[in-house]
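Examining the three-dimensional arrangement
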Amino acid sequence: MDMNLIIQIVYFIGAFLFILGLKQMGSPITARRGIVWAGIGMVMATLITYFHHDVNQNYLWITLAIAIGGVIAYVSGKKVAMTDMPQMIALYNGMGGGAAAAIAAVELIKLEPMSFVMQSLAVLGALIGTVAFSGSLVAFAKLQGLMRGVIRFPMQQWVNALVFVVVVTIGLAIILSGNEYALTTLTVFFVLALIFGVMMTVPIGGADMPVVISLYNALTGLAVGFEGYVLGNPAMMIAGIVVGSAGTLLTQLMAKAMNRPISNVLFSNFGDGGGGEAAAASGSMKEIDSTDVAVMMAFAEKVVIIPGYGMAVAQAQHKVWEMTKQLQERGVTVKFAIHPVAGRMPGHMNVLLAEAGVPYDIIYDLDEINDEFPTTDVVLVIGANDVVNPAARTDPNSPIYGMPILNADYAKNVIVVKRGKGTGFSGIENHLFFADNTRMLYGDGQAVANDLVTSLKEL
Ligand code: NAP
């Protein structure tokens, strides 16, 4: 059989595996398998590319690049903590965007005649990939704590808009000039695109970084898809489209779960004191100790546990599951309620609970469980804050007003586990903590869960 045909068939199977893998990632039960399938697809597509006629003589370089990248990815993937996953994803995304931009650069530097469509896609992919590359690196630096705070100056959005217009104009000039453009023009185009990615990301607060990362993920997919077209590589095209559309949907989902349009995420200075005058909470925070909480839960009919970012930081999921099993043994119905943006990325809580062995059938999404709170005896909020703040429902001046929340405040009793009186991610006061039916159980999530396990044993 003709080698080219074999290559195309393998690419096709690879692309099929990407789609199958993505489908399986839709449920936590099959997600692990999905990642393996998509990985096999990627290995197949990479290996068969060795036989492509364009690769000739470059085997050593390719193998070296794959080996270096592979080792770095393997070691960092093994070492990364769940709480650091968002920045890891930012870095991987950035690399994808950078790779797509590099492919475009190689094609454009050749100054060979290309069809109008192909040249347009090469330039567009170069622009999007480069912006996603530098923007993702800034997002990584912010989440990793290498870069603190935000950089803002007067007329910033106008300056950014100007840089964008200039870079798009140069891109158009390159497209329209056929292969008559100067390499200096191409260099200026790439440098400005890099600068634009940085400028667009530096004013955005750390609070919105996960959404920005998801947006760059979508852009990276688009860039890879475009460059796949330029290279005539269907596996790249399909992989790019799949990543692009999944990233777009995820970005929309996050924005919707926070009830904020993407434009608000990109241009609003959210979470840095820029909101309106939110109503002050009335009442006081009332403390409780772990023994009393253990008694309350042991004699309850139904307990709902709401985990948040703090549970991830404290790595409390294993102890929480141990406590859950003790309650179940006493005949208490225990359910977990997961808000779509609890933690720092979608699915964050589900992954942690799955890791601890919590069965999927006691884990509920916001829509599935929100009506159950009035009939719940005890809600245990562990390390969650914004996602249970009733101000989102009741205070039109609150920066999170309109964000769907878990209606924990409707339960008969609410216990909130946190270390101190600090605010959550959005930096605003939580009215739930001051409610009559709420008691505060202060301490590190894991230590508190451990105390609850001990107290339950002693009952
Ligand atoms: P959160 O609002 O960030 O609150 C975390 C809580 O955990 C805080 O009250 C903190 O209080 C507590 N905490 C921290 N470390 C702890 C520890 N070791 N032990 C016990 N408690 C600890 O978290 P969330 O309720 O999960 O809300 C998620 C936030 O992230 C939302 O604002 C959401 O919009 C935002 N966000 C999420 C995503 C996503 O995709 N998931 C994307 C973008 C933005 P103390 O400091 O007093 O302990």
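Residues numbered from 1 in each chain as written. Predicted model: local features only at pLDDT ≥ 70, side-chain atom pairs only at ≥ 80, totals over all residues. Heavy atoms only, no water.

Let's shift gears to the domain arrangement of the chain. Accessible area lost upon the coming together of the parts is a frequently used measure of interface size. Along its sequence, the chain is organised into domain 1 (80-267) and domain 2 (290-458). Computed over C-alpha atoms only, the centres of domain 1 and domain 2 are separated by 37 Å. Facing the 14 residues of domain 1 at the interface are 18 residues of domain 2. At the boundary of domain 1 with domain 2, total buried surface from both sides reaches about 1300 Å², with 78% on carbon and sulfur atoms. (Domains from an automatic or database assignment. Contact = heavy atoms within 4.5 Å. Buried area = accessible area lost by both parts, 1.4 Å probe.)

With that out of the way, let us pick up a nonpolar patch on the surface. Together, M1, L5, I9, F12 and I13 give the surface a local cluster of nonpolar side chains, amounting to about 540 Å² of exposed area. Following the sequence through the fold, F12 ends up in helix α1 (residues 3-24). F12 sits in the exposed class, given a relative accessible area of 57%. (Patch = residues over 30% accessible without salt bridge, like charges linked within 9 Å, V, L, I, M, F, W, Y side chains within 5 Å. Areas by Shrake-Rupley, 256 points an atom, 1.4 Å probe, with all protein chains shown as cover. Salt bridge = Lys/Arg side-chain N within 4 Å of Asp/Glu carboxyl O. Helix = DSSP H or I, 4+ residues; strand = E, 2+ residues; numbered from the N terminus. Buried < 20%, exposed > 50% of the residue type's maximum accessible area, 1.4 Å probe, protein only.)

Okay, the packing of α1 against helix α2 (residues 31-49) next. Interaxial distance between α1 and α2 falls to 7 Å at its minimum, and their mutual angle equals 165 degrees. Of the possible angle classes, the one that applies to α1 and α2 is roughly antiparallel. In this structure, the crossing between α1 and α2 has a hand that is left-handed. Along its contact with α1, which presents M3, I6, I7, V10, Y11, I13, G14, L17, F18, L20, G21 and Q24, the element α2 presents A31, R33, G34, W37, A38, I40, G41, M42, M44, A45, I48 and T49. Looking at the contact of α1 with α2 residue by residue, the classes come out as 17 nonpolar, six polar and one charged. (Axes fitted to C-alpha atoms, helices over the stretch in contact; angles between N-to-C directions. Parallel < 35°, antiparallel > 145°, perpendicular 65-115°, else oblique. Left-handed = near helix turned anticlockwise from the far one by under 90°. Nonpolar A, V, L, I, M, F, W, Y, C, P; charged D, E, K, R; others polar.)

Of the volumes computed, that of the second largest pocket is approximately 750 Å³. If you trace the second largest pocket, you find 39 residues lining it, with Y309, R344, G383, G424 and F425 closest to the centre. Elements that contribute at least two residues to the lining of the second largest pocket include exactly α8 (209-231), α12 (309-314) and β5 (413-418). Broken down by element, the residue count for the lining of the second largest pocket peaks at four residues, all from α12. Per-class residue counts for the lining of the second largest pocket are 20 nonpolar, 12 polar and seven charged. In this structure, the lining of the second largest pocket is formed jointly by two domains, domain 1 (80-267) and domain 2 (290-458), each of which donates at least three residues. (1 Å grid on protein atoms, 1.4 Å probe; cavity = no way out; pocket = protein on both sides within 12 Å on 5 of 7 lines; lining within 4 Å. Points joined across faces, edges and corners; volume = space filled by probe spheres on them.)

Sheets are built from strands paired through backbone hydrogen bonds, the pairs being either parallel or antiparallel. Pairing is parallel across the open sheet formed by six strands, whose spatial order is β3-β2-β1-β4-β5-β6. Lying at the two open borders of the sheet, with one neighbouring strand each, are β3 (363-365) and β6 (438-442). Within the sheet, the average angular offset between the axes of one strand and its neighbour, ignoring direction, is 25 degrees. Of the strand pairs in this sheet, strand β4 (residues 378-382) and β5 are connected by five bridges, and their pairing is parallel. Looking at the pairing, V378 lines up with N413 of β5. Of the strands in this sheet, β1 (302-307), β2 (333-338) and β4 are in contact with helix α13 (residues 317-329), which crosses β2 at around 145 degrees. Its contacts with the sheet put helix α14 (residues 348-356) on β1, β2 and β3, and the angle it makes with β2 is roughly 145 degrees. (Pairing = 2+ DSSP bridges.)

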